[in-house]
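Architecture at a glance
Now for the letters of each chain:
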Amino acid sequence: SFRTQDVGSKTSAYFDGVDDYIETMNASIPSSGDFTVSAWAKLADSIPANQYTIFGQGEGSNNVFLQIVKNGSNYDLRIGNNWTIYNIGSSIDMTKWHQYTLSRTGSGSSDGSLYIDGKYIGSGDIVDYIDTRSGLRIGRLYDISFNNSNDYNSYFKGSISDLRVYNKALGA
């Protein structure tokens, strides 16, 4: 059940982790070049081990996404298919509000940078081409393949607010 909730003076979207997500009509993240995606998110309390997608765009191997992966009491972050940051939850309470900012500058094996609450977390590989035939998904993983009825689930369970996309890399 999709609903909004107040966060101080702002509103957020609450996702139930079952079938709620938002999809834009057109792609928001550019297919190539520099970009930044920033979002505030917090997981719901007492969630089972699973993958929880904050945002995703693309299809097949031409994608970018940000997921919080719960493994027992540990949390990992997946940024696309080629980059994982392990055991991030030991230092961050994922059930509290945090700002996640992902930037891509140039291309290559360390073209992406991840920040949480303005603090640099690490760098890694973001694919050189991101498919733009479908829209940006908030709260759900990208398409398995374009216009296919089979789709990844990986729904977010918790709240997301103030997702922004910039067509340039922003600094911390």
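Going by the structure above, here's the rest.
Presented here is a report on the structure given in the accompanying data block. These numbers were taken from a predicted model, which means no experiment stands behind them. (Residues numbered from 1 in each chain as written. Predicted model: local features only at pLDDT ≥ 70, side-chain atom pairs only at ≥ 80, totals over all residues. Heavy atoms only, no water.)

Attention now moves to the sheet that holds strand 8 (residues 84-85). Spatially, the six strands line up as an open sheet ordered 3-12-5-6-7-8, and their pairing is antiparallel. Each edge of the open sheet is held by one strand with a lone partner, namely strand 3 (22-23) and strand 8. Summarising the sheet, strand 5 (residues 50-59) and strand 6 (residues 62-71) pair through nine bridges and their orientation is antiparallel. Directly across from glutamine 57, in strand 6, lies its bridge partner valine 64. (Pairing = 2+ DSSP bridges. Helix = DSSP H or I, 4+ residues; strand = E, 2+ residues; numbered from the N terminus.)

Topologically, arginine 104 is positioned in strand 9 (residues 98-104). Although buried, arginine 104 forms no salt bridge, and the nearest oppositely charged side chain, aspartate 111, lies 4.6 Å from it. Polar side-chain contacts of arginine 104 include one of 2.8 Å to the backbone oxygen of glycine 33. Engagement of the side chain of arginine 104 in a polar contact is seen with the backbone oxygen of valine 127, the distance being 2.5 Å. (Buried < 20%, exposed > 50% of the residue type's maximum accessible area, 1.4 Å probe, protein only. Lys, Arg positive; Asp, Glu negative; His and termini not counted. Salt bridge = Lys/Arg side-chain N within 4 Å of Asp/Glu carboxyl O. Polar contact = N/O pair within 3.5 Å; in protein donor to acceptor, adjacent residues only side chain to side chain.)

Our focus in this paragraph is the packing of aromatic side chains. On inspection of all chains with the given rule, the structure shows three aromatic pairs. Taking the centre distance of 5.7 Å and the plane angle of 65° together, the rings of tyrosine 115 and tyrosine 120 count as edge-to-face. The buried category is assigned to tyrosine 115, whose relative accessible area is 15%. When its relative accessible area of 44% is taken as the criterion, tyrosine 120 is described as partly exposed. The residue whose ring lies beneath arginine 140 is tyrosine 21, and the NZ or CZ to ring-centre distance is 4.7 Å. (Phe/Tyr/Trp six-rings, centres within 6.5 Å; stacked < 30°, edge-to-face > 60°. Lys NZ or Arg CZ within 6 Å of the ring centre and 35° of its normal.)

This part is about unusual backbone geometry. Even without glycine at this site, asparagine 87 takes up a positive phi of about 55°. Counting through the fold element by element, asparagine 87 comes out in the loop between strand 8 and strand 9. Its relative accessible area of 42% is what places asparagine 87 among the partly exposed residues. Although it is not a glycine, aspartate 162 adopts a positive phi angle of roughly 55°. Overall, the relative accessible area of 30% leaves aspartate 162 in the partly exposed class.

Looking along a regular strand, one sees side chains alternate from face to face of the sheet. For strand 7 (residues 74-79), the tally of buried residues reaches five of six residues, placing the bulk of the element in the interior. Sheet analysis places strand 6 next to strand 7, joined by six bridges and oriented antiparallel. For leucine 66, the partnering residue across the bridge sits in strand 7 and is isoleucine 79. In sequence, strand 6 turns back onto strand 7 through a hairpin of two residues, with glycine 72 there showing a positive phi of about 65°. Here strand 7 pairs with strand 8 via two bridges, running antiparallel.

Looking now at the pairing of strand 6. Taking burial as the measure, the 10 residues of strand 6 include eight buried ones, the bulk of the element. The loop that links strand 5 with its antiparallel partner strand 6 comprises two residues; one of these, glycine 60, has a positive phi angle of about 50°.

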